[in-house]
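So the chains spell out like this:
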Amino acid sequence: KNPFRRAEVKSSRASALLVPFGVREAKFTPRQYDQLAAEAYQKNVIAFRCISLVSRNAAAVPWIVFQGRGKDKHRLDEHPLATLLQKPNPVQGGASLFEALFGFYLIAGNSYVEAAGPKGNAPLELWNLRPDRMRVVPGTQGVPAAYRYQVNGTAVEYSCDPLSGQAGVMHLKSFHPLDDWYGMSPLEAAAFSIDQHNEAAKWNAALLQSSGRPSGALVYKPAHPEALDTLTSEQRDRLKTEIEQFFTGSANAGRPMV
């Protein structure tokens, strides 16, 4: 080896264009995670069922540690990695950790796992981190400079190696056609269908509470038909606005018309 030869540096020529400005500034998630979680996972039985089935079944897959390659490969039942995956932290088992991991991924398109332990050594614990609290701090070469986790005004920053991208946090993200740092939530593509289903459920519930029909209507019939033409343009517009406000939408289903 030539001791005077310069170390070879490899990097993408386009990666520096990912951050034209705002280096070392946290980039916020381009959507509302809390709204996706509330409207889909908490309020929509179909979305809840889909996310639960996928995350729970994926979490049920056993992790097995092997050593060696080819014919020399053999299973290790007693190994620190196997123990860690079975009991990743004091409050979670392996299945609970992975169910949350996949659940966050399906709701947000992003999932984060913190590796806790002595620096430079294998992790002793694994923890899920909520996606809505995590911010990616862009780096200069297409690799995050850090991950910033913030709760109630207090932030913890996990720096990333600029060459390998390794950090104290593992970031799992789905493909996003319009974002370089965050994954796309599967719920974004289903948002309109979820909203329609939720509105239909609200409408049906309000209609059932009104016995499935309007309870009545009060109609004004003047003695002289020409009296109907006494409304001014402003009064007609106000009447139309009040009708739209009080008699349209799922919350007003079955409301008596006055």
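Residues numbered from 1 in each chain as written. Predicted model: local features only at pLDDT ≥ 70, side-chain atom pairs only at ≥ 80, totals over all residues. Heavy atoms only, no water.

Asks: Quick question: what am I supposed to make of the packing of helix α2 (residues 45–59) against helix α4 (residues 94–108) here?
Replies: The description of two packed helices rests on the angle between their axes and on the distance between the axes. Orientation of α2 relative to α4, taken along the N-to-C sense of each, is 140°, at an axis distance of 8 Å. Overall, the two elements α2 and α4 adopt an arrangement that is oblique. For the pair α2 and α4, the crossing hand works out as right-handed. In contact with Ile51, Val54, Ser55, Arg56, Ala58 and Ala59 of α2, α4 contributes Ala95, Phe98, Glu99, Phe102, Gly103, Leu106 and Ile107. For the contact of α2 with α4, a count of residues per class yields nine nonpolar, two polar and two charged. (Axes fitted to C-alpha atoms, helices over the stretch in contact; angles between N-to-C directions. Helix = DSSP H or I, 4+ residues; strand = E, 2+ residues; numbered from the N terminus. Parallel < 35°, antiparallel > 145°, perpendicular 65-115°, else oblique. Left-handed = near helix turned anticlockwise from the far one by under 90°. Contact = heavy atoms within 4.5 Å. Nonpolar A, V, L, I, M, F, W, Y, C, P; charged D, E, K, R; others polar.)

Asks: Explain the sheet that holds strand β8 (residues 169–173) to me, please; I cannot follow it from the model alone.
Replies: Strands in a sheet are paired, the pairing made by backbone hydrogen bonds, and the direction either parallel or antiparallel. As summarised here, the arrangement of the three strands in space is β4-β3-β8, forming an open sheet in which the pairing is antiparallel. Unpaired on one side and paired on the other, β4 (125–129) and β8 mark the two borders of the sheet. Averaged over all adjacent pairs, the angle separating strand axes in this sheet is 25°, with direction ignored. Here five bridges tie strand β3 (residues 110–116) to β4, and the two strands are oriented antiparallel to one another. Bridge pairing links Ala116 to Glu125 in β4. (Pairing = 2+ DSSP bridges.)

Asks: Any chance you could explain the pattern of salt bridges here in plain terms?
Replies: Two side chains bearing opposite charge may form a pair once their charged atoms approach each other closely. A complete count under the given rule lists seven salt bridges for this structure. Arg56 serves as the salt-bridge partner of Glu99, at 3.2 Å between the closest nitrogen and oxygen. Taken together, the residues Glu99 in helix α4 and Arg56 in helix α2 connect sequence positions 43 residues apart. The exposure class assigned to Arg56 is partly exposed, which follows from its relative accessible area of 47%. A salt bridge links Arg148 to Glu157; the nearest nitrogen and oxygen atoms lie 2.9 Å apart. Residue Arg148 is classed as partly exposed on the basis of its relative accessible area, which comes to 22%. (Salt bridge = Lys/Arg side-chain N within 4 Å of Asp/Glu carboxyl O. Buried < 20%, exposed > 50% of the residue type's maximum accessible area, 1.4 Å probe, protein only.)

Asks: I'm lost on the sheet that holds strand β5 (residues 134–137) in this one. Help?
Replies: In space, the three strands of this open sheet follow the order β5-β6-β7, with antiparallel pairing throughout. Looking at which strands have only one partner, the edges of the open sheet turn out to be β5 and β7 (154–159). For this sheet the average axis-to-axis angle between neighbouring strands, irrespective of direction, equals 25°. Bridge count for strand β6 (residues 146–151) against β7 is six bridges, and the pairing is antiparallel. Residue Tyr147 lies in a different strand from β7, and its bridge partner there is Tyr158.

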